[in-house]
Amino acid sequence: MSRPKPHDEFEMNPKAKPNGEAVPEPAIADPAAGTHPEGAASAGEQAVAEQVAKLQAETRELTDTLVRRQADFDNYRKRVERERQQDRSRAVASLIEGLLPVLDAFERAIAAHDDPAYEEYRKGFELIQRHLWEVLAKQGLERIEAVGKQFNPHEHHAIERVESADHDDGVVIEELQAGYRLHDRVLRPAMVRVAVPPAGKAAPSKFGDN
């Protein structure tokens, strides 16, 4: 059997050179990688960085919105609680104002009789009055001090000015009707008589006319 000729060997293996060396295959470009791999990588990193920055900005915006909404809710809750407290205070004040004449009636009833036969009734009235006062005091009711105090137009209502050399000008010398205060708010000023200097020794008035 005869050996194939060199040109036959080249025809059977087209990748072989005439001298027998292998012919290198041509490089095929990768469509996904592009013609410039380094440039493609830089563009991809920039896109990722932009996306990260966008997400961070959105996160900050959502966080700021959440903080503002939380602050708004806290302010709303405080306002509602404050309004509820004010409503309760107004309701209590209205109720107590309606009961003040009852306290006055008790005081008049207790002071009206000096008859010993009335003593047992007096004790009963005093007991009821004390219980009523304790209930109202727990709600913040206070009696305004008047006798011996300097006239205060915010707490006292002067019914009469009485000349007196034994008292300083403007001092309350008698209380005609008790005054009451509820949580620093005057529900009813005390009706009082106020001392003024005797005629010929007048001093500047320390209280206004009512």
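Since we're looking at a predicted model, the values are computed, not measured.

Here's the deal with unusual backbone geometry
Reasoning step 1: Backbone geometry at His183 places phi at a positive 50 degrees, although glycine is not the residue there.
Reasoning step 2: Secondary-structure assignment places His183 in the loop between strand S4 (180-182) and strand S5 (185-188).
Reasoning step 3: At Asp184, a residue that is not glycine, the phi angle is positive and equals roughly 70 degrees.
Reasoning step 4: Among the secondary structure elements, Asp184 is positioned in the loop between S4 and S5.
Reasoning step 5: Its relative accessible area of 72% is what places Asp184 among the exposed residues.

Brief notes about the confidence of the model for the protein chain
Reasoning step 1: In the predicted model, the protein chain carries a mean pLDDT of 78, and the fraction of residues at 70 or more is 74%.
Reasoning step 2: Element-level mean pLDDT values for the protein chain span from 48 in helix H1 (residues 6-12) up to 93 in strand S6 (residues 190-196).

Side note on the nonpolar core
Reasoning step 1: Formed by Ala93, Ile96, Leu100, Leu103, Phe106, Leu132, Leu136, Leu141, Ala178, Tyr180, Leu182 and Leu187, the largest nonpolar core amounts to twelve residues.
Reasoning step 2: At the level of secondary structure, the elements contributing two or more residues to this core comprise helix H2 (37-112), helix H3 (119-138) and S4.
Reasoning step 3: The dominant element in this core, judged by the number of residues it contributes, is H2, at five residues.
Reasoning step 4: Judged by nonpolar contacts, the second largest core, of seven residues, contains Phe151, Ala158, Val192 and Val194.

So, the packing of aromatic side chains
Reasoning step 1: This model, assessed by the stated rule, comprises two aromatic pairs.
Reasoning step 2: Here the aromatic rings of Trp133 and Tyr180 are separated by 5.9 Å at their centres, their planes lie at 50 degrees, and the arrangement is tilted. Taken together, the residues span a long stretch of sequence, with Trp133 in helix H3 and Tyr180 in strand S4 at a distance of 47 residues.
Reasoning step 3: Take Trp133: its relative accessible area is 29%, and that puts it in the partly exposed class.
Reasoning step 4: Take Tyr180: its relative accessible area is 1%, and that puts it in the buried class.

What counts and how
- Residues numbered from 1 in each chain as written.
- Predicted model: local features only at pLDDT ≥ 70, side-chain atom pairs only at ≥ 80, totals over all residues.
- Heavy atoms only, no water.
- Helix = DSSP H or I, 4+ residues; strand = E, 2+ residues; numbered from the N terminus.
- Buried < 20%, exposed > 50% of the residue type's maximum accessible area, 1.4 Å probe, protein only.
- pLDDT = per-residue confidence, 0-100.
- Core = buried A, V, L, I, M, F, W, Y, C linked by side-chain atoms within 4.5 Å.
- Phe/Tyr/Trp six-rings, centres within 6.5 Å; stacked < 30°, edge-to-face > 60°.

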